[in-house]
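Listed below are the residues making up each chain.
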Amino acid sequence: MSYMSPQEMTAGWPTPPANYDREIGLRNFHEGAERMQFADELGFDWVSFSEHHYTPSILAPNAALVAAAMIKHIRQAKLAVLGHTLPLNNPVKVAEELALLDNLSEGRVVAGLLRGTPNEFQTYSVNPAETRELALESMELVLKAWTEPQPFGWEGRHYQYRSVSVWPRPLQQPFPPTYVLGSSHESGEFAAANHLGLGVSFVPINVLSELFTNYRQKSLEAGWEPVPENIIYRAGVCLAETDEQAMQDANRYWMRGGNFNMKSSVYSAIAKGDANPLRPLAAAGGLYFATFIGGPDTIFNKIKQFHDECGVGVIDVIFQTPRTNHAKVMHDMEFYAKEVMPRVKEL
Amino acid sequence: MAKTQQADPKFSEGHVAVDGFQIRYLEAGKGDPVVMLHGAGGLKPSRLNDLLAGQFRVIAFEIPGFGHSPVNDRSKSMRDLARTMTDAAAKLGLDHYGLVATSFSSRVALWEAIDAPDRIDVMVLISPSAILPENWTAPSGSPDQLAKLMYAHPEKQPMPVAEDPEILAKQQALTARLRGPNRDPELEGMLRNIKAPALVVFGTHDAVTPSEMGRIYKERIPSSYFVMVYDAGHAIAAERPEALHGVVSDFLERREAFIVSRSNTVINP
């Protein structure tokens with residue numbers, strides 16, 4: 001969404017607020033809303049919202065807030081809040097926000113719960129070594145807050161509440177379709193044990209296959225079997241008329257690294273706490289790489305491969321990078337909706 | 001303000017004669033009296049008892065028929081047993097006290113609170129089995145199977161000490177005889193008469209008495225609070241003793257006001 005050329009923008013994370021141009025920022029919000037509304041008009045099943053901090057790349061420190069602002073503009077598609085970075089959020093407030101959004105949207109919320117990426121932990125100075133435990137405890141507390149009909153107290157390791165009583169209740173019962181988002185075995189195991197979906201972003205197909213196999217096995221042990229709709233794969237899509245053009249576009253628009261880069265000493269300090277969240281970033285060479293690059297047939301065949309080999313039933317596609325402009329994103333969305341999406345929906 | 005914790009206290013043993021029983025008890029600590037009633041496994045060393053004795057006068061009774069005490073074929077029901085335990089406390093000079101019951105003894109505690117409302121100041125039920133699912137059966141199986149039922153993390157528990165099979169059989173026969181139906185309409189119909197504030201605590205991973213049962217106590221007991229201890233099974237005191245002690249001691253001290261935080265969040269002055 002950045003409209004400033006990279007050489008003018010301070011590289012690395014966090015980006016100083018001094019770089020923020022209010023006119024460009026406002027235009028970004030208007031055009032972002034236009035894109036989300038367009039996605040709904042094109043027939044996308046979900047519009048997804050993510051939480052990121054301290055960067056011009058994604059101006060959404062509160063995903064639920066953006067989703068709420070779009071309720072009246074997205075009329076058919078579900079509002080997929082994918083999602084709250086749990087170590088940064090009060091889990092009871094997460095439960096409240098999503099329940100409130102589910103009511104405001106008349107039952108169109110899809111919820112994603114995640115640990116987050118290492119740069120995000122530093123937003124509120126959360127100890128990386130504690131984020132796995134924070135996320136797991138948070139997830140359990142969110143589920144209890146949605147489902148327990150009586151006020152209850154919670155004596156956790158990281159959270160203590162003496163009286164939780166969430167109003168409103170989610171409109172969708174017992175709670176909105178919920179996914180654990182993460183590329184670790186722990187994420188899949190928690191999802192399996194609690195009969196939740198699993199969402200994974202950007203990893204190569206061999207990694208996804210390993211994660212899915214583990215998730216499916218743990219689900220069977222817990223007495224249920226996942227269906228394709230239980231598995232989300234989030235990917236960047238660089239679509240063009242031909243494969244050759246798509247490769248040229250990928251080199252031009254899809255860079256590695258970007259505004260989530262941190263100093264190597266900071267990465268090292270994070271890895272001392274917990275190396276696990278760095279794996280997908282390391283594998284990807286940083287964020288903003290496109291999983292699917294090619295013409296319509298190539299893109300469809302690759303998505304089909306993820307569906308056939310890994311059981312993916314929901315594909316969450318990203319068309320924009322900091323280098324793409326609004327017109328191109330609108331074009332690519334329409335092109336995908338016309339040339340690829342109908343075939344994907346048939347899978 | 002929470003009182004300063006002392007070193008683990010030394011429990012002294014005593015006996016009190018009530019209803020023809022010689023009831024054994026262990027006592028330690030100073031302060032407001034708190035009576036502890038054990039679960040179906042009998043009176044055992046408990047980290048919770050140790051921690052509570054740092055702040056309260058703790059009297060942990062051994063229910064007649066448990067441990068090395070003679071077979072108890074005289075208590076007719078849990079309500080009858082409750083009267084015996086109330087009398088035992090009175091014999092020790094306890095006009096009124098806090099009452100903490102675990103699992104099996106939760107029905108005893110509830111009947112004490114119903115029948116002796118002026119003696120029970122405050123009540124805590126830990127992993128209570130007073131209200132059970134309709135299809136509930138008592139846990140059984142090999143030691144490994146029982147461990148998986150009792151603990152969220154059995155692999156973190158020490159190897160269990162082999163128990164005297166005669167004592168085990170005696171205790172199991174007593175609990176089976178007295179336990180009563182999974183749902184006791186007489187008891188549940190009288191829960192609304194309980195005057196004492198009550199704290200009901202479940203482990204989130206309790207495979208013996210599901211934590212969902214906590215909501216029924218909350219619904220039926222007028223001044224009650226339902227708390228879940230995260231990542232603990234049925235034996236909460238064994239798995240997360242500090243978390244359990246924190247909320248139990250606070251409730252024993254402040255009752256309903258325990259929901260008001262006293263946490264100090266100042267990082268640096």
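The structure we're discussing is the one just above.
Let me begin by describing the structure that accompanies this report.

Conventions we followed
Residues numbered from 1 in each chain as written. Chains lettered and ligands numbered in written order. Predicted model: local features only at pLDDT ≥ 70, side-chain atom pairs only at ≥ 80, totals over all residues. Heavy atoms only, no water. Helix = DSSP H or I, 4+ residues; strand = E, 2+ residues; numbered from the N terminus. Polar contact = N/O pair within 3.5 Å; in protein donor to acceptor, adjacent residues only side chain to side chain. Axes fitted to C-alpha atoms, helices over the stretch in contact; angles between N-to-C directions. Parallel < 35°, antiparallel > 145°, perpendicular 65-115°, else oblique. Left-handed = near helix turned anticlockwise from the far one by under 90°. Contact = heavy atoms within 4.5 Å. Nonpolar A, V, L, I, M, F, W, Y, C, P; charged D, E, K, R; others polar. Phe/Tyr/Trp six-rings, centres within 6.5 Å; stacked < 30°, edge-to-face > 60°. Lys NZ or Arg CZ within 6 Å of the ring centre and 35° of its normal. Buried area = accessible area lost by both parts, 1.4 Å probe. Salt bridge = Lys/Arg side-chain N within 4 Å of Asp/Glu carboxyl O. Core = buried A, V, L, I, M, F, W, Y, C linked by side-chain atoms within 4.5 Å. Buried < 20%, exposed > 50% of the residue type's maximum accessible area, 1.4 Å probe, protein only.

### Re the side chain of A:Glu97
Here comes step 1: Of note, A:Glu97 is situated in helix α3 (residues 91-104).
Here comes step 2: Engagement of the side chain of A:Glu97 in a polar contact is seen with the side chain of A:His84, the distance being 2.8 Å.

### Things to note about the packing of helix α2 (residues 78-91) of chain B against helix α3 (residues 106-115) of chain B
All names here are of chain B.
Here comes step 1: Put simply, α2 and α3 touch, their axes get as near as 8 Å, and they point 70° apart. Between α2 and α3, the angle falls in the class roughly perpendicular. Crossing of α2 over α3 shows right-handed handedness. Taking contact as the criterion, the partners of Met 78, Arg 79, Leu 81, Ala 82, Arg 83, Met 85 and Thr 86 in α2 are, on α3, Arg 107, Val 108, Trp 111, Glu 112 and Asp 115.
Here comes step 2: Each residue belonging to the contact of α2 with α3 can be placed in one class, and the counts come to six nonpolar, one polar and five charged.

### Section: unusual backbone geometry
Negative phi characterises most residues that are not glycine, and trans characterises most peptide bonds.
Residue and element names in this part refer to chain A.
Here comes step 1: Going from Leu 82 to Gly 83, the amide bond is cis rather than trans, its omega being -10°.
Here comes step 2: Along the chain, Gly 83 turns up in strand β2 (residues 78-85).
Here comes step 3: With a phi angle near 55°, Ser 125 is a residue other than glycine that sits in the positive phi range.
Here comes step 4: As for its placement among the helices and strands, Ser 125 is situated in the loop between α4 (118-121) and α5 (131-147).
Here comes step 5: For Phe 202, which is not glycine, the phi torsion reads 70° and is therefore positive.
Here comes step 6: Mapped onto the secondary structure, Phe 202 falls in the loop between β7 (197-201) and α7 (205-221).

### Focus: the packing of aromatic side chains
Here comes step 1: Per the counting criterion, the structure on display carries 18 aromatic pairs over all chains.
Here comes step 2: Between A:Tyr215 and A:Trp224, the aromatic rings sit 6.2 Å apart at their centres with planes inclined by 80°, giving edge-to-face as the arrangement.
Here comes step 3: Counting every residue linked through ring pairs, the aromatic cluster contains A:Phe44, A:Phe319 and A:Tyr336.
Here comes step 4: Above the face of the B:Phe21 ring, B:Arg74 is positioned so that its terminal group lies 4.1 Å from the ring centre.
Here comes step 5: Geometry around B:Tyr225 places B:Lys218 over its ring, the cationic atom sitting 5.3 Å from the centre.

### Quick look at the interface of chain B and chain A
Here comes step 1: Counting residues at the interface gives 22 residues for chain B and 18 residues for chain A.
Here comes step 2: Summed over both sides, the interface between chain B and chain A buries roughly 1700 Å², with carbon and sulfur atoms accounting for 52% of that surface.
Here comes step 3: A salt bridge links A:Arg157 to B:Asp231; the nearest nitrogen and oxygen atoms lie 2.8 Å apart.
Here comes step 4: Applying the counting rule to chain B against chain A returns ten residue pairs in polar contact (both at pLDDT 80 or more).

### Concerning the nonpolar core
Here comes step 1: One finds A:Tyr336, B:Phe61 and B:Leu110 to be the most contacted residues of the largest nonpolar core, which totals 131 residues.
Here comes step 2: Examining the composition of this core, we find that nine residues originate from one element, α5(A), more than from any other.
Here comes step 3: Apart from the residues within four sequence positions on either side, B:Leu110 is in contact with B:Met123, B:Leu125, B:Ala130, B:Leu187, B:Leu191, B:Ile194, B:Tyr217 and B:Ile221.
Here comes step 4: In terms of nonpolar packing, the next biggest core, distinct from the first, is built from 29 residues, B:Ala60, B:Val201, B:Ala243 and B:Leu244 among them.

### So, the pattern of salt bridges
Here comes step 1: Counted according to the given criterion, the structure contains 28 salt bridges over all chains.
Here comes step 2: B:Glu163 is the salt-bridge partner of B:Lys44, the closest N and O atoms lying 3.4 Å from each other. Here the residue B:Lys44 occupies a position in the loop between β3 (33-37) and α1 (47-52), and B:Glu163 occupies one in the loop between α4 (143-150) and α5 (165-178), the gap between them amounting to 119 residues.
Here comes step 3: Under the relative-accessibility criterion, B:Lys44 is labelled partly exposed at 38%.
Here comes step 4: For B:Glu163, a relative accessible area of 38% translates into the label partly exposed.
Here comes step 5: A salt bridge links B:Glu253 to B:Arg262; the nearest nitrogen and oxygen atoms lie 3.3 Å apart.
Here comes step 6: Assessed through its relative accessible area of 27%, B:Glu253 is described here as partly exposed.
Here comes step 7: Connected through shared salt-bridge partners, A:Glu155, A:Arg162, B:Asp250, B:Glu253, B:Arg254 and B:Arg262 make up one network.

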